[in-house]
Amino acid sequence: PLNAKEVTTLANAGYSNVYDLLEASDAELMGILGCDVQKVRKARLAWGQKVLPKSILASEYRCNRVVTGLNGLDNALGGGMRTGTLIEFVGRAGCGKTQICMQLAASTAAVRGGNAVYLDT
């Protein structure tokens, strides 16, 4: 679905493997490639069929990221926390674990227009 120039453009933008491409947003790839959403989705489906088990669709693999607002943490996490995953924070009492978790739950629900679950043990 992509020509050699587009593949080179993606590589120069830091996309080193198919998984990076599957995790990128449509808007992100459209901006880099200068193409429409249909081409991006067609390419994503083709990539997913090559690397993912038949029971998993490429669109199910793709995840979004929620920024924490802490640049250092967001950078360490590759652009924010992946939605649809379990994340555990550990640290001494009073260091802000609960605060960041509640903030992330509220931000996720607000941005995605839905619900978020915060579990505290």
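Here's a quick rundown of the structure. Fair warning: this is a prediction, and the values are worked out from it, not measured in the lab.

Criteria and cut-off values
- Residues numbered from 1 in each chain as written.
- Predicted model: local features only at pLDDT ≥ 70, side-chain atom pairs only at ≥ 80, totals over all residues.
- Heavy atoms only, no water.
- Axes fitted to C-alpha atoms, helices over the stretch in contact; angles between N-to-C directions.
- Helix = DSSP H or I, 4+ residues; strand = E, 2+ residues; numbered from the N terminus.
- Left-handed = near helix turned anticlockwise from the far one by under 90°.
- Contact = heavy atoms within 4.5 Å.
- Buried < 20%, exposed > 50% of the residue type's maximum accessible area, 1.4 Å probe, protein only.
- Polar contact = N/O pair within 3.5 Å; in protein donor to acceptor, adjacent residues only side chain to side chain.
- 1 Å grid on protein atoms, 1.4 Å probe; cavity = no way out; pocket = protein on both sides within 12 Å on 5 of 7 lines; lining within 4 Å.
- Points joined across faces, edges and corners; volume = space filled by probe spheres on them.
- Nonpolar A, V, L, I, M, F, W, Y, C, P; charged D, E, K, R; others polar.
- Core = buried A, V, L, I, M, F, W, Y, C linked by side-chain atoms within 4.5 Å.
- Salt bridge = Lys/Arg side-chain N within 4 Å of Asp/Glu carboxyl O.

**Notes on the packing of helix α1 (residues 4-12) against helix α3 (residues 26-33)**
And then number 1: The interhelical angle for the contact between α1 and α3, taken along N-to-C directions, is 115 degrees, at an axis separation of 10 Å. Of the two possible hands of crossing, α1 and α3 adopt the one that is right-handed. Along the contact surface, α1 presents E6, T9 and L10, while α3 presents L29, I32 and L33.

**Considerations on the environment of V67**
And then number 1: One can find V67 in the loop between β1 (65-66) and α6 (71-76).
And then number 2: Judged by relative accessible area, which is 54%, V67 ranks as exposed.
And then number 3: As for V67 and L104, which are separated by 37 residues in sequence, their C-alpha atoms are 8.1 Å apart.
And then number 4: Those residues within four positions of V67 in sequence are excluded, and the remaining contacts are D74, G79, G80 and L104.

**Some points on the side chain of E6**
And then number 1: Structurally, E6 can be placed in helix α1.
And then number 2: When its relative accessible area of 11% is taken as the criterion, E6 is described as buried.
And then number 3: For E6, the side chain forms a polar contact with the side chain of K39, separated by 2.9 Å.

**Thoughts on the layout of surface pockets**
And then number 1: Computed from the structure, the largest pocket encloses a volume of approximately 870 Å³.
And then number 2: Taken together, 26 residues line the largest pocket, and the ones lying closest to its centre are L86, I87, V117, Y118 and L119.
And then number 3: Only β2 (81-82) and α7 (97-112) provide two or more residues apiece to the lining of the largest pocket.
And then number 4: At 8 residues, the largest contribution of residues to the lining of the largest pocket is made by α7.
And then number 5: A breakdown of the residues in the lining of the largest pocket according to their chemical character gives 13 nonpolar, 8 polar and 5 charged.
And then number 6: Approximately 200 Å³ is the volume attributed to the second largest pocket.
And then number 7: Lining of the second largest pocket is provided by 10 residues; of these, E23, A24, S25, E28 and R65 occupy positions nearest its centre.

**Focus on the nonpolar core**
And then number 1: Residues L10, Y15, L21, L22, A24, L29, L33, C35, V40, A43 and W47 constitute the largest nonpolar core, which totals 11 residues.
And then number 2: When residues of this core are traced back to their parent elements, those giving at least two are α2 (18-23), α3 and α4 (37-51).
And then number 3: By residue number, the principal contributor to this core is α4, which donates 3 residues.
And then number 4: When neighbours within four sequence positions are excluded, Y15 is seen to be in contact with L10, D20, L21, A24, E28, L29 and I32.

**Thoughts on α1**
And then number 1: The N-capping residue of α1, defined by a side-chain oxygen 3.0 Å from the backbone nitrogen of K5, is N3.
And then number 2: Once α1 finishes, G14 follows within two positions and takes phi at roughly 100 degrees, a positive value.

**Some words on the pattern of salt bridges**
And then number 1: Throughout the structure, instances matching the rule amount to 2 salt bridges.
And then number 2: K39 is paired through a salt bridge with E6; the nearest N and O atoms lie 2.9 Å apart. With K39 in helix α4 and E6 in helix α1, this residue pair connects regions lying 33 residues apart in the sequence.

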